[in-house]
Amino acid sequence: MSDAERDALMLRAAELYYYERLTQAAIADRLMCSRWTVGRLLEEARDCGMITISINHPHARDRSLENQIRGAFDVVDAIVVASPEETGAAGPVVASASSDYLTGLRPRPTSLGVAWGRTIAAVAQAMPDRWTSGLKVYQAFGGLIRSDDDDVVMRSISLIARKGQGMGSLLPAPALVRDVDLARRLRQEPAIAQTLRDAASADTILYSPGAIRDDSILVRSGYLKEKMMERLRAKGAVADFFSHFVDADGAPVIPEVEDRVIAIGLEALTGPGRRVLVGHGQDKALPMRVALGAGYASAVVTDSRTAAAILAG
């Protein structure tokens, strides 16, 4: 059989299978060949690009971008969902995909270190009830003093713990204090020290990086003043991980600020456990690229627009 004849046979088998919806057995009868031959023709048609398959659904994944992310940053898992057409609508889709990824992990997480925030609160909301049991959830960096921001903390920690039929451990301390000596004493306080140790050694860490913005929660809460934000930028800060302000290589930029942070260390993000990075939006692209480049994630969940921006950088 010539190549042209083989191509014509593949085309006919594909048309009968996908357009006329015949079974492989019916196609075999029509083409006077075996079912095995029909299966082989369809496989060859897919391999050579004669057949392409497209899935159209709001939660459909972009396999091409996933492969590019994995290749560029050497992560184990990359989940890239299609960006909704509406501007600003990616949040619920990414949160749902993150929930699906976490609840689908095997073995299931038994301990989870969580960096609270709006993105993670959305993930918590998307997670199903009773998806596991006995889950231990640990707050990975301190909270804030504003009531609305504390509510974000509670949604991120307590809600995940409840849905995992487990227990949440909160940090009774701010994310950032003004005095270095106070920060040291707080980190040594037994309850705080134990929660930080547990969060750092959890089998799974879930977080979303922060951008260096004047309207960030840390700024609005008064922990960082405008002059300090200017200094951070001048020193090359481009991202915020657990209140650690880092440069394009993922290294902290100002030691005195580092010494005031109540949080797990960045070394926890390079450990052997699963470290799940979640984010969406133009502001998150650079922080996510920094996290991936520094090896601070073993898995990433995002949308296609953000993934393209990460790769473009």
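Each remark here, short or long, concerns the structure printed above.
In what follows, the accompanying structure is described. (Residues numbered from 1 in each chain as written. Predicted model: local features only at pLDDT ≥ 70, side-chain atom pairs only at ≥ 80, totals over all residues. Heavy atoms only, no water.)

1. Topic: the nonpolar core
How we decide: By nonpolar core we mean a set of buried residues, namely Ala, Val, Leu, Ile, Met, Phe, Trp, Tyr and Cys, connected to one another through side-chain atoms within 4.5 Å. The rule is simple: take the accessible area with a 1.4 Å probe, protein chains only, and divide by the maximum for that residue type; under 20% is buried, over 50% is exposed, in between is partly exposed. Counting from the N terminus, the helices are DSSP H or I runs at least four residues long and the strands are E runs at least two residues long. Any two residues whose heavy atoms approach within 4.5 Å at even a single point are treated as in contact.
Y207, L224, L232, F241, F242 and F245 are the most contacted members of the largest nonpolar core, which totals 61 residues. With 5 residues, the single largest contributor to this core is helix α13 (residues 282–293). With residues up to four places along the chain from it excluded, the contact list for F245 reads I212, L218, L224, L232, A237, A239, D240, A251, P252, V253, V257 and E258. I79, V81, V123 and I157 belong to the second largest nonpolar core, which has 27 residues in total.

2. Considering the sheet that holds strand β8 (residues 274–278)
For the record, the criterion: Only strands that DSSP links by at least two bridges are regarded as paired with each other. Between the N-to-C directions of two axes lies an angle of 0 to 180 degrees, each axis being a line fitted to C-alpha atoms and, for a helix, fitted only over the stretch in contact.
Read across the sheet, 7 strands follow the order β1-β9-β8-β5-β2-β3-β4 without closing on themselves; strand pairing throughout is parallel. The sheet is open, and its two edges are formed by β1 (77–81) and β4 (167–169), each paired on a single side. For this sheet the average axis-to-axis angle between neighbouring strands, irrespective of direction, equals 15°. As paired strands, strand β2 (residues 111–114) and strand β3 (residues 136–139) are joined by 4 bridges and run parallel to one another. Considered in β3, the bridge of G113 is made with Y138.

3. Remarks on the pattern of salt bridges
Pairing of side chains with opposite charge becomes possible as their charged atoms draw close. Selection criterion: Salt bridges are identified by distance alone: a Lys or Arg side-chain nitrogen within 4 Å of an Asp or Glu carboxyl oxygen.
Under the defined criterion, the tally for this structure stands at 14 salt bridges. A salt bridge links R12 to E15; the shortest N-O distance between them is 3.9 Å. Of this pair, R12 and E15 both sit in helix α1 (residues 3–19), 3 residues apart, roughly one helical turn. Bridged by salt links that share partners, the residues R6, R40, E43 and E44 form one connected network.

4. Quick look at a nonpolar patch on the surface
Convention followed: Residues enter patches when they are more than 30% accessible in relative terms and free of salt bridges; like-charged ones are connected within 9 Å and nonpolar ones (Val, Leu, Ile, Met, Phe, Trp, Tyr) within 5 Å. Here the Shrake-Rupley method, with its probe set to 1.4 Å, supplies the accessible areas, and only the displayed protein chains count as covering residues.
A cluster of nonpolar residues, Y17, Y18, Y19 and I53, forms a patch on the protein surface that exposes about 470 Å² of accessible area. What makes Y19 exposed here is its relative accessible area of 69%.

5. Things to note about the side chain of H244
Under the convention used in this document: Side-chain atoms alone can form a polar contact between residues adjacent in sequence; in general such a contact is a pair of N or O atoms within 3.5 Å, and within protein one must be able to donate a hydrogen while the other accepts it.
Inspection of the secondary structure assignment puts H244 in strand β7 (residues 244–246). Within polar-contact distance, the side chain of H244 engages the backbone oxygen of I264 at 2.7 Å. Not counting the four nearest positions on each side in its chain, H244 is found in contact with A239, E258, V261, A263, I264, G265 and L266.

6. Some details on α13
Quick reminder of the rule: Residue count minus one, scaled by 1.5 Å, sets the expected span of a helix.
In this model, α13 (12 residues) spans 17 Å end to end at C-alpha, consistent with the 16 Å of a helix rising 1.5 Å per residue. Those residues of α13 that sit buried are K284, A285, P287, M288, V290, A291 and L292. Residue G295 follows α13 closely and has a positive phi angle near 80°.

7. A look at the environment of W116
As for its placement among the helices and strands, W116 is situated in the loop between β2 and α6 (118–126). Residue W116 is classed as buried on the basis of its relative accessible area, which comes to 8%. There is a polar contact of 2.8 Å between the side chain of W116 and the backbone oxygen of G142.

8. Points about the environment of A95
With respect to the helices and strands, A95 occurs in helix α5 (residues 90–104). On the accessibility criterion, A95 (5% relative accessible area) is buried. Along the primary structure A95 and V123 are separated by 28 residues, whereas in three dimensions their C-alpha atoms are 4.4 Å apart. Dropping the residues within four chain positions of it, A95 is found in contact with A122, V123 and A126.

9. Some points on helix α4 (residues 63–73)
Heads up, the rule is: Here the arc refers to the directions that run from the helix axis out to each C-beta atom.
For α4, the full list of buried residues reads L65, E66, I69 and F73. Viewed end-on, α4 has its buried residues packed into an arc of 105°, placing them on one side of the element. Within α4, the exposed residues directed more than 90 degrees away from the buried face are R63 and G71. Check the buried side of α4 and you find it contacts β1, α13, β9 (299–303) and α14 (304–312). Here α4 starts with a cap whose side-chain oxygen sits 3.2 Å from the backbone nitrogen of S64, and that cap is D62. Phi turns positive one or two residues past the end of α4, at D74, with a value near 55°.

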